Amino acid sequence: QVQLSESGGGLLQAGGSLRLACAASGRYPPGRTFSSYVMGWFRQAPGKERTLVAAISGSGSSIRYADSVKGRFTISRDDGKNTVFLKMNRLKPEDSAVYYCAARVGTVVSRPQNEYRYWGQGTQVTVSS
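Here is a short report on the structure shown in this document. Each chain has its residues counted from 1, following the order in which its sequence is written. Local features in a predicted model are, by the rule used here, given only for residues with pLDDT of at least 70; side-chain atom pairs are given and counted only at 80 or more, and totals for whole chains, interfaces and linings are based on all residues. Side-chain calculation: all heavy atoms of the structure are included, whereas hydrogens and water are not.

1. Remarks on the pattern of salt bridges
Cut-off, in case you're wondering: Salt bridge, as used here: a side-chain nitrogen of Lys or Arg that lies within 4 Å of a carboxyl oxygen of Asp or Glu. Strands are runs of DSSP state E lasting at least 2 residues, helices are runs of H or I lasting at least 4, and numbering of each runs from the N terminus. When a residue's accessible area, from a 1.4 Å probe over protein chains only, is under 20% of the maximum for its type it is buried; when over 50% it is exposed; and in between it is partly exposed.
Inspection of the entire model under this criterion finds 6 salt bridges. Between Asp 95 and Arg 72 there is a salt bridge, with the nearest N and O atoms lying 2.8 Å from each other. With Asp 95 in the loop between strand 8 (83-88) and strand 9 (97-105) and Arg 72 in the loop between strand 6 (63-65) and strand 7 (73-78), this pair connects stretches of sequence that are 23 residues apart. With a relative accessible area of 1%, Asp 95 lands in the buried category. Linking Glu 115 and Arg 111 is a salt bridge whose minimum nitrogen-to-oxygen distance equals 2.5 Å. On the basis of relative accessible area, Glu 115 is assigned to the partly exposed category, the value being 31%. Here the salt bridges share partners, and the residues they tie into one network are Arg 43, Arg 72 and Asp 95.

Here it is in structure tokens:
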């Protein structure tokens with residue numbers, strides 16, 4: 001089975017930058033590789049719903065961002081390293097949350113989060129004012 005592991009979270013001041021990484025490991029289903037999966041970043045703050053931050057297709061040609069992070073965050077992937085990244089710039093206290101990496105087979109980036117099959121354990125990002 002595929003396992004996802006996030007890293008790169010931490011505590012920083014507003015206006016700072018951080019880069020998260022999510023590495024996939026384990027055994028893929030027959031005929032599939034890391035490039036078979038749309039990769040997504042989600043976040044959840046205490047008492048709030050989990051929401052999409054960004055998603056990227058296996059080819060890297062299709063990308064989706066939440067309106068709240070457009071112009072500040074950049075999602076990218078390195079299929080050779082089975083890794084997806086989230087570069088976060090000009091961070092705000094409102095960005096504080098647990099950030100989760102997720103994967104689903106497909107090519108369309110605008111799909112509901114319940115279609116993502118694999119999830120990481122999350123990494124905490126805390127932005128102070």
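The rest of the description comes next.
2. Points about the sheet that holds strand 3 (residues 18-26)
Basically, it comes down to this: Any two strands between which DSSP finds at least two bridges are classified as paired. Interaxial angles span 0 to 180 degrees and are taken between N-to-C directions of axes, which are lines fitted to C-alpha atoms, for helices over the stretch in contact.
Ordered by their spatial adjacency, 4 strands build an open sheet running 1-3-8-7, and the pairing between neighbours is antiparallel. Lying at the two open borders of the sheet, with one neighbouring strand each, are strand 1 (2-7) and strand 7. Averaged over all neighbouring strand pairs, the angle between strand axes comes to 15°, with direction disregarded.

3. Considerations on unusual backbone geometry
Of note, the phi angle at Asn 82 is positive, near 55°, even though the residue is not glycine. Tracing the backbone shows Asn 82 in the loop between strand 7 and strand 8.

4. Section: the pairing of strand 1
Judged by which residues are buried, strand 1 turns out to be one-sided: Val 2, Leu 4 and Glu 6 face inward and are buried, whereas Gln 3, Ser 5 and Ser 7, on the alternate face, are not. Strand direction decides the pairing type here: strand 1 and strand 3, joined by 6 bridges, are antiparallel. Its bridge partner being in strand 3, Ser 5 is matched across the sheet by Ala 23.

5. Section: the nonpolar core
Going by this rule: Take the buried residues of types Ala, Val, Leu, Ile, Met, Phe, Trp, Tyr and Cys, join any two whose side-chain atoms come within 4.5 Å, and each joined set is a nonpolar core. Whether two residues are in contact is decided by their heavy atoms: any pair within 4.5 Å suffices.
Residues Leu 4, Met 39, Trp 41, Leu 86, Met 88 and Tyr 99 are the most contacted members of the largest nonpolar core, which totals 30 residues. When contributions to this core are tallied by element, the ones reaching two or more residues are strand 1, strand 3, strand 4 (37-44), strand 5 (51-56), strand 7, strand 8, strand 9 and strand 11 (123-128). Beyond its immediate sequence surroundings of up to four residues, Leu 4 is in contact with Cys 22, Ala 23, Ala 24, Met 39, Cys 101, Ala 102, Ala 103, Tyr 118, Trp 119, Gly 120 and Gln 121. Ranked by size, the runner-up nonpolar core spans 7 residues in total, among them Val 38, Ala 55, Ala 102 and Tyr 116.

6. Some details on the environment of Ser 128
With respect to the secondary-structure elements, Ser 128 resides in strand 11. Beyond its immediate sequence surroundings of up to four residues, Ser 128 is in contact with Leu 12, Gln 13, Ala 14 and Pro 93.

7. Brief notes about the state of the cysteines
What counts, and what does not: By convention in this document, the label disulfide applies to cysteine sulfur atom pairs within 2.5 Å.
Under the definition given, this model contains 1 disulfide. Here Cys 22 pairs with Cys 101 through a disulfide, and the sulfurs are 2.1 Å apart. Since a negative S-S torsion denotes a left-handed disulfide, the Cys 22-Cys 101 link at about -75° is left-handed. Placement of the pair is Cys 22 in strand 3 and Cys 101 in strand 9, with a sequence separation of 79 residues. Judged on exposure class, the residue Cys 22 and its partner Cys 101 are both buried.

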